[in-house]
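Overview (structure and organization)
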Amino acid sequence: MGASITTSHPETADHAHDDPHGHDHAVSWWRHYVFSTDHKMIGFQYGITALIFLFIGFYLMMVMRWSIAYPDKEVTGFLGLFVKNSWLVQGKVSGDLYNMFGAMHGTIMVFLGIVPLAFGAFGNFVTPLQIGAPDMAFPRLNMASYWVYLIGGLVMLFSFFLPSGAAEAGWTNYSPLATTTQVDQPSVFWTGQTMWLLGMVFLISSSLLGAVNFITTIINLRAKGLTWMRLPFFVWAMLVTGFLLLLAFPPLEVAAVMQLVDRLFHASFFLPSGLVASGVPMDVSGGGSPLLYQHLFWFLAHPEVYVLILPAIAIVAEIIPTNTRKPLWGYKSMVYGVMALGFLSFIVWAHHMYMTGMGPVISTFFQTTTVIISIPSVILVTCLLISLWGGSIRFNVPMLWATAFLPMFGIGGLTGLPLAFNMLDLHLHDTYYVIAHFHYVVAPGTIFGLFAGIYYWMPKASGKMMNTTLGHLHFWPSLICMNGIFMPMFLQGMHGFHRRWYDGGKLFEETTTTILFKEGSFFSRMFHDGMPITYLDLNVVITWFAYALAFAQVPFIINFFYTIFFGKKINDDNPWQGTTLEWSAPNCPPHGNFVTEPVVYRGPYEYSVPGHPTDFTPQSEPGLDGFVPGGDEAWGEKDSHDDHGKKDSH
C-alpha cells in the first residue's frame, strides 16, 4: 500500500512523528511503513494482514468442503498444494486433518481475520479522522498492538509446520480434550495445541492494548464542538466494542494461561479426578473443572460475536445516510441500542452450554436474556431499514454491499432465536443449523459490511476510486454464492447433519439419504438430471458454491491492488459528499490528518437540510444554525441535542 501514501502537504507528511520539539527531519522507510506510529499506516497494516489471514482461513475451509463432498476422492490440484502428505490417508482427508483444519479455520477467521480487519483496520483508520484527532492517544501503544497481533498470528501459522500439526481440539479448545491432545509428542511444548494457547495470549494482549487506546482516544481527543450526541455512529460502535474487548478478553487470557499450566506443568485447573486418556489413567492431581473453562471461554466468545458485528453495522450506518441523502433515522435510538447490546452481551454466554446439564432455573435465565438481547439488535436493523425509506438512493458499490448486509444479518439473527431455547437447542446443537446461523451473521453479514467499508473509504485512504465494474463482478457472485453455501445448511441441520462429520455423513445412511426433492421435480431437473436429490447431495452443491465464492474474490483482489498501485488520482477530497469529519481531511491524510484544526458545529448526518445550497451540510461547516460550546465548558460535556443543528448560538 506504500505506493499510494502520498499527500499534497509534504511540509507535514514527511516529517518525524514523535519529535517533541517539532524539528523537521525525514522519516526512514522502516519508520514510515513498518514500525510506524501513525494510526493510518497501522490501519493499513492491520487491514492487509487480516485479509491475508482471511484467505488462509478460506483455503482451510475449501479443503474441508472437499472432504465433505468427496470423502472417497484424493485431494488434488490447488487444494493439495499446501497439505502435507503425512496428514493424508491414501491421499484423502482424514478425521484428524479435518479436525485440525476445522479448529484453525475458526480461530483464523475470527481472531486473526475479522476482528483485526473490523476493529484494528477500520477502527484505526477512521476513528481519529471522524473525531477530528491528529492520531490515537497512545501512538506507540498502537504500534505495539499490531506487532503483538502479528506475532500471535505467526505463532498460530508456525504450528502447522510442527510434527504434531496445528491444534485439533476445535476453535473453542475445550478441556480436558485440548489438554490431553498431542501429549504423546516428544515435547509437549512444541505441539500445535500449546502453540494455539501461546498465540491466543498474544492475540488477546493485542486486543487489550487496542481497546485501552480506542477508549482513551474517543473520550479525550474529540474536536471542539464534537459533543457525545454529535459523534458519528461508527465512533459509538468503536467505543462500545473497545469496552467489550477490555472486559471480555481477560477471562479467556486467564483460561489460556491456566490451560498452558495444565499442559506443561501437570496442574489440574480444568482436569477432573480419575481422568482416563487412551485407556490409561492420567497422572494428574485432579479436582479441576472442565466446565470452568467453558464458562471462561464463552464469557468472552459471546461478546466477541458483537465485536465482530458492531463494526459492520457501524460501517453500514455511515454508508446509508450518505447514499440516501437523508439523516440516519433514529440516531439516538441506535446509540442507546448499541450500549444496551454491549451490556446484555455479558449475560447471555451460557446459552452455548445447554448441553452441560444446566438446571431449569439457570437455563430459564439465559433463555430470557438471549431473547431480550434480540431487541436492541432489531432496533439497529429497523433504524437502518427506515433510513432507506423516502431516500434518493444512489446504488453505488458501497451501497450494494451495505443494503445486502441488512437481509443477510436479519437471516442470521432470526435463525438464532430458536437456539435461545434449550428444548430446541438440544436437537440443533452442533448441527449444520448452528453453522448456517453463525455464518449468516459473520460471513454475508459482517464481511459484507467490511467490503462496503473498503469500497467506501478507499478514496480517502488512497486518493483513488475503486473500479465500479470490478466491484459489481465482486458483489453479485458473492451474494449468490453466500446464500448457496449457507441456506442449504439450515435444511441439513434440521435433518440432523453434524458439523464434525468429516465424510459429510456418508456412514449415517438413515439420516443422510432421505430424499429432499423427488425425481422429476424442478430442482432435481435443474441440478441432478431429473434424479431425486437427497440431503447428502446438498454437500456437493454447497461445496461448489464455496469454490465459486473463492473465484468471486478475484475481481476484488485485482481491483484492490490495481487501485492502490495504478489507479487514477481523484481531485475531490469528498467524492461521496459526506458530512462527517473524515471528508474534511485531505485524501491520503498527512501526519496530523487535518490542514487546520477542525471545529464541529452540528450533528453527523445533516443531509437535505431545507434552505441549504447543497444537499449535505458538513459537520465542520460554520453557520448560524450551528452551535459550539464556548467559554470554559468542556467540549465533550454539553450536548446541543439538536437533531438538525437548529440551535442558534446567539
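Keep in mind the model is a prediction, meaning the values are calculated, not measured.

Before going further, it helps to examine the overall build of the protein. A count of helices and strands for the protein gives 20 helices and four strands. The C-alpha atoms of the protein give 26 Å as radius of gyration, which agrees with the globular expectation for 650 residues (26 Å, within 12%). By its C-alpha atoms, the protein is 80 × 60 × 55 Å across when sized along the principal axes. Burial analysis of the protein (650 residues in total) assigns 58% to the buried set. A fraction of 77% describes how many contacts in the protein between residues 6 or more apart in sequence connect residues 24 or more apart. Here the protein displays about 26100 Å² of accessible surface, and carbon together with sulfur accounts for 68% of that area.

This brings us to empty space enclosed by the protein. Summed over the entire model, instances satisfying the criterion amount to two cavities of 30 Å³ or more. Here the second largest cavity is characterised by a volume of approximately 170 Å³. Lining the second largest cavity we find 17 residues, and of these Tyr46, Val115, Phe119, Ser206 and Ser207 sit closest to its centre. Contributing elements (two or more residues each) for the lining of the second largest cavity: helix H4 (95-130), helix H5 (139-158), helix H7 (192-220) and helix H8 (233-265).

With 33 residues, H8 ought to run about 48 Å at 1.5 Å a step, and its terminal C-alpha atoms sit 47 Å apart, in line with that. Its maximal kink placed at phenylalanine 249, H8 deviates by approximately 35 degrees, while the proline proline 250 follows within four residues. With 24 of 33 residues buried, H8 is to be regarded as a mostly interior element. Positive phi appears at histidine 266, one or two residues downstream of H8, with a value of about 60 degrees.

For the rest of this paragraph, the subject is the nonpolar core. In terms of nonpolar packing, the biggest core is built from 193 residues, with Phe101, Phe160 and Phe233 touching the most fellow members. Beyond its immediate sequence surroundings of up to four residues, phenylalanine 233 is in contact with Ile313, Ala314, Ala317, Glu318, Leu328, Tyr331, Met334, Val335, Val338, Leu380 and Tyr605.

A few words on the environment of isoleucine 108. If you trace the backbone, isoleucine 108 turns up in helix H4. Overall, the relative accessible area of 0% leaves isoleucine 108 in the buried class. Note: C-alpha distance between isoleucine 108 and phenylalanine 58 (50 residues apart in sequence) is 9.2 Å. Those residues in contact with isoleucine 108, other than ones at most four positions away along the chain, are Phe53, Ile56, Gly57, Leu60, Gly113, Leu157 and Phe160.

Here serine 175 and proline 176 are connected by a cis peptide whose omega angle stands at 5 degrees. With respect to the helices, strands and loops of the structure, proline 176 is situated in the loop between H5 and helix H6 (177-180). The phi angle at glutamine 182 is positive, at roughly 65 degrees, despite the residue not being glycine. Structurally, the position occupied by glutamine 182 is in the loop between H6 and H7.

Moving on: the layout of surface pockets. In this structure, the second largest pocket encloses a volume near 680 Å³. Phe55, Ile56, Tyr59, Phe78 and Phe82 are the residues nearest the centre of the second largest pocket, which is lined by 24 residues in total. Looking at the lining of the second largest pocket, the elements with two or more residues in it are helix H3 (39-69) and helix H19 (538-552). With seven residues, the single largest contributor to the lining of the second largest pocket is H3. Looking at the lining of the second largest pocket residue by residue, the classes come out as 20 nonpolar, three polar and one charged.

Enumeration according to the criterion identifies four salt bridges in this entry. A salt bridge links lysine 506 to aspartate 72, with the nearest nitrogen and oxygen atoms 2.8 Å apart. Here lysine 506 is found in the loop between helix H16 (468-494) and helix H17 (509-512), whereas its partner aspartate 72 is found in the loop between H3 and H4, with 434 residues between them in sequence. Notably, a salt bridge pairs aspartate 430 with arginine 499, separated by 3.2 Å at the nearest N-O pair. Here aspartate 430 is found in the loop between helix H14 (422-428) and helix H15 (432-462), whereas its partner arginine 499 is found in the loop between H16 and H17, with 69 residues between them in sequence. In this structure aspartate 430 comes out as buried when scored by relative accessible area, which is 18%.

Reading the values: the criteria
Residues numbered from 1 in each chain as written. Predicted model: local features only at pLDDT ≥ 70, side-chain atom pairs only at ≥ 80, totals over all residues. Heavy atoms only, no water. Helix = DSSP H or I, 4+ residues; strand = E, 2+ residues; numbered from the N terminus. Rg over C-alpha atoms; globule rule 2.2 N^0.38 Å. Buried < 20%, exposed > 50% of the residue type's maximum accessible area, 1.4 Å probe, protein only. Contact = heavy atoms within 4.5 Å. Areas by Shrake-Rupley, 256 points an atom, 1.4 Å probe, with all protein chains shown as cover. 1 Å grid on protein atoms, 1.4 Å probe; cavity = no way out; pocket = protein on both sides within 12 Å on 5 of 7 lines; lining within 4 Å. Points joined across faces, edges and corners; volume = space filled by probe spheres on them. Expected span 1.5 Å × (residues − 1). Bend = angle between axes of the 7 residues up to and from the residue. Core = buried A, V, L, I, M, F, W, Y, C linked by side-chain atoms within 4.5 Å. Nonpolar A, V, L, I, M, F, W, Y, C, P; charged D, E, K, R; others polar. Salt bridge = Lys/Arg side-chain N within 4 Å of Asp/Glu carboxyl O.

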